[in-house]
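Coordinate inspection notes
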Amino acid sequence: MFDHLKLLRCFSFTASRDWLFKQSFLNAGLCSVTTDLSHDNPLSSTSMHCWIPKSPNRSKPNLLLLHGFGANAMWQYGEHLRAFTGRFNVYVPDLLFFGLSSTSEPNRSESFQAQCLMRLMEAHGVERMSIVGISYGGFVGYSLAAQFPEKVEKIVLCCAGVCLEEKDMEDGLFKVPNLEEATGILIPQTPEKLKELIRFSFVKPIKGVPSFFLWDFIDVMCMEYVEEKRDLIKSILKDRRLSDLPRIKQKSLIIWGEEDQIFPLELGYRLKRHIGDNAEIVVIKKAGHAVNLEKSKEFLKHLKSFLIDSL
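Predicted, not measured: the structure shown is a model, and the values here were computed from it.

**Regarding empty space enclosed by the protein**
- Counting across every chain of the model gives 1 cavity of 30 Å³ or more.
- Computed from the structure, the largest cavity encloses a volume of approximately 60 Å³.
- Around the largest cavity sit F69, G70, F98, L186, I187, P188, M221, C222 and K229, which together line it.
- Looking at the lining of the largest cavity, its residues break down into 7 nonpolar, 1 polar and 1 charged.

Laid out in structure tokens, this is it:
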């Protein structure tokens, strides 16, 4: 009988694809650096990994690309990286509890993530930047723009339910009935949960993926910092009210998949109303939450129009 587990041990498709993404980032002129952010507090340990330019050009603007849950930052931005490295100094960090970034601090808020990111950018000599934030990365990017308005020039928020409220879960805005179900899908630990995540993320999900491929992805991408990631999701929702959310002043682009089942389109329109005249919203048809992957060319077209054409 064919032993899937033996094959998995001998050959990991996920790890191989990850290696290819690493090569593409290196070939694009980036290098992998982990920075210790603990010097201000010897009693705690915080370090953040980031892909940074090997030779930053200080005459170029800076661009910070923030990932969401799921596959790592390389997978989420790999197809778009080359479009920006010629015009920007591009920085692609692992947020805390993703990839090679972690902290011993108990704070799980997006506000704390943003503060650590700002320290990271300052350590790399970055004083001003534009931001692209996908999903959870949009929560962190929004907080960065709100806390450090003089540091952020423009921001793109992609399928980022920043304007959600705790009561939205009780009111039935989401497809999942409760927070426990949501965390189980967003941090999948079984092939069944990963299939659910794929169904929620794509309008046309890939079907018939063998279980050993799904286990392989989970083993490489989803097994570390599971409890910490659950706490990140809980922190997003706990006591969240729109009335507490500051209005950012930067020019903003909101991109949403029309059929997003994780953060419904209503949250995109709510975000547009909240920011006001400084924001424009683009709704991409026949796309779900993973609009950056499902409609990659259209997603990139809008990013370039907003970030590059006005330079």
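**A word on the packing of aromatic side chains**
- Applying the stated rule across the entire model yields 13 aromatic pairs.
- An angle of 70° between the planes, with centres 6.5 Å apart, marks the rings of F174 and F263 as edge-to-face. Placement of the pair is F174 in the loop between α7 (166-170) and α8 (179-186) and F263 in the loop between β8 (251-257) and α12 (265-275), with a sequence separation of 89 residues. When sorted by exposure, F174 lands in the same class as F263, which is buried.
- Clustering of aromatic rings is evident, with ring pairs tying together F69, F98, Y136, F139, F174 and F263.
- Residue placement shows R17 over the ring face of W75; its charged tip is 5.4 Å from the ring centre.

**Describing the side chain of S296**
- Tracing the chain through its elements places S296 in helix α14 (residues 296-307).
- At 3.0 Å, the side chain of S296 forms a polar contact with the side chain of H80.
- When neighbours within four sequence positions are excluded, S296 is seen to be in contact with E79, H80 and V291.

**Looking at the layout of surface pockets**
- For the largest pocket, the calculated volume is near 1300 Å³.
- For the largest pocket, the lining is made up of 48 residues, of which G70, L197, I198, S201 and F202 are closest to its centre.
- Elements supplying a minimum of two residues to the lining of the largest pocket: α2 (13-27), α3 (73-77), α6 (136-147), α8, α9 (191-201), α10 (211-221), α11 (226-237) and α13 (291-294).
- Sort the elements by how many residues they give to the lining of the largest pocket and α9 lands first, with 5 residues.
- Taken as a whole, the second largest pocket spans an internal volume of roughly 410 Å³.
- In terms of lining, the second largest pocket is formed by 22 residues, of which the most central are D18, N72, D94, G99 and L100.

**Focus on the pattern of salt bridges**
- Per the counting criterion, the structure on display carries 13 salt bridges.
- When the shortest N-O distance is used, the salt bridge between E181 and K193 registers 3.3 Å. Of this pair, E181 sits in helix α8 while K193 sits in helix α9, and the two are 12 residues apart along the sequence.
- Taking the relative accessible area as the measure of exposure, E181 reaches 27% and is therefore partly exposed.
- Taking the shortest distance from any N to any O, the salt bridge between E266 and R273 comes out at 3.2 Å.
- Its relative accessible area of 54% is what places R273 among the exposed residues.
- Several salt bridges share partner residues, and in doing so they unite D168, E266, R270 and R273 into one network.

**Some points on the UniProt feature "domain: AB hydrolase-1" (unreviewed entry) in the protein**
- Mapped onto this structure's residue numbering, the UniProt feature "domain: AB hydrolase-1" (unreviewed entry) falls at residues 61-164.
- With 34% helix and 24% strand, the stretch residues 61-164 has end C-alpha atoms that lie 31 Å from each other.

**Observations regarding α11**
- With 12 residues, α11 should reach 16 Å at 1.5 Å per residue; the first-to-last C-alpha distance of 18 Å fits that figure.
- Turning to α11, its buried residues are V226, K229, L232, I233, I236 and L237. For α11, the arc enclosing every buried residue in end-on projection is 135°, short of the 170-degree limit, so these residues lie on one face.
- Among the structural elements, α5 (110-123), α6, α7, α8 and α10 are those in contact with the buried residues of α11.
- Count one or two residues on from α11 and you reach D239, which has phi positive near 55°.

**Concerning the pairing of strand β7 (residues 152-158)**
- In terms of residue burial, β7 counts as a mostly covered element, since 6 of its 7 residues are buried.
- Of the pairings in the sheet, the one linking strand β6 (residues 129-134) to β7 comprises 5 bridges and is parallel in character. Considered in β7, the bridge of I131 is made with I155.
- Tracing the backbone out of β6, into α6 and back to the parallel element β7 gives a crossover that is right-handed.
- As judged from the 5 bridges shared by β7 and β8, these two strands associate in the parallel manner. Across the sheet, I155 pairs through a bridge with S252, a residue of β8.

**Here's the deal with the side chain of H274**
- With respect to the element layout, H274 can be found in helix α12.
- Contact partners of H274, with chain neighbours within four places excluded, come to Y142, C163, L242, L245, P246 and R247.

The rules behind the values
- Residues numbered from 1 in each chain as written.
- Predicted model: local features only at pLDDT ≥ 70, side-chain atom pairs only at ≥ 80, totals over all residues.
- Heavy atoms only, no water.
- 1 Å grid on protein atoms, 1.4 Å probe; cavity = no way out; pocket = protein on both sides within 12 Å on 5 of 7 lines; lining within 4 Å.
- Points joined across faces, edges and corners; volume = space filled by probe spheres on them.
- Nonpolar A, V, L, I, M, F, W, Y, C, P; charged D, E, K, R; others polar.
- Phe/Tyr/Trp six-rings, centres within 6.5 Å; stacked < 30°, edge-to-face > 60°.
- Helix = DSSP H or I, 4+ residues; strand = E, 2+ residues; numbered from the N terminus.
- Buried < 20%, exposed > 50% of the residue type's maximum accessible area, 1.4 Å probe, protein only.
- Lys NZ or Arg CZ within 6 Å of the ring centre and 35° of its normal.
- Polar contact = N/O pair within 3.5 Å; in protein donor to acceptor, adjacent residues only side chain to side chain.
- Contact = heavy atoms within 4.5 Å.
- Salt bridge = Lys/Arg side-chain N within 4 Å of Asp/Glu carboxyl O.
- UniProt positions renumbered as here; feature names shortened; annotations may be inferred.
- Expected span 1.5 Å × (residues − 1).
- Arc of directions from axis to C-beta.
- Pairing = 2+ DSSP bridges.
- Right-handed = clockwise from strand over helix to strand, strands pointing away.

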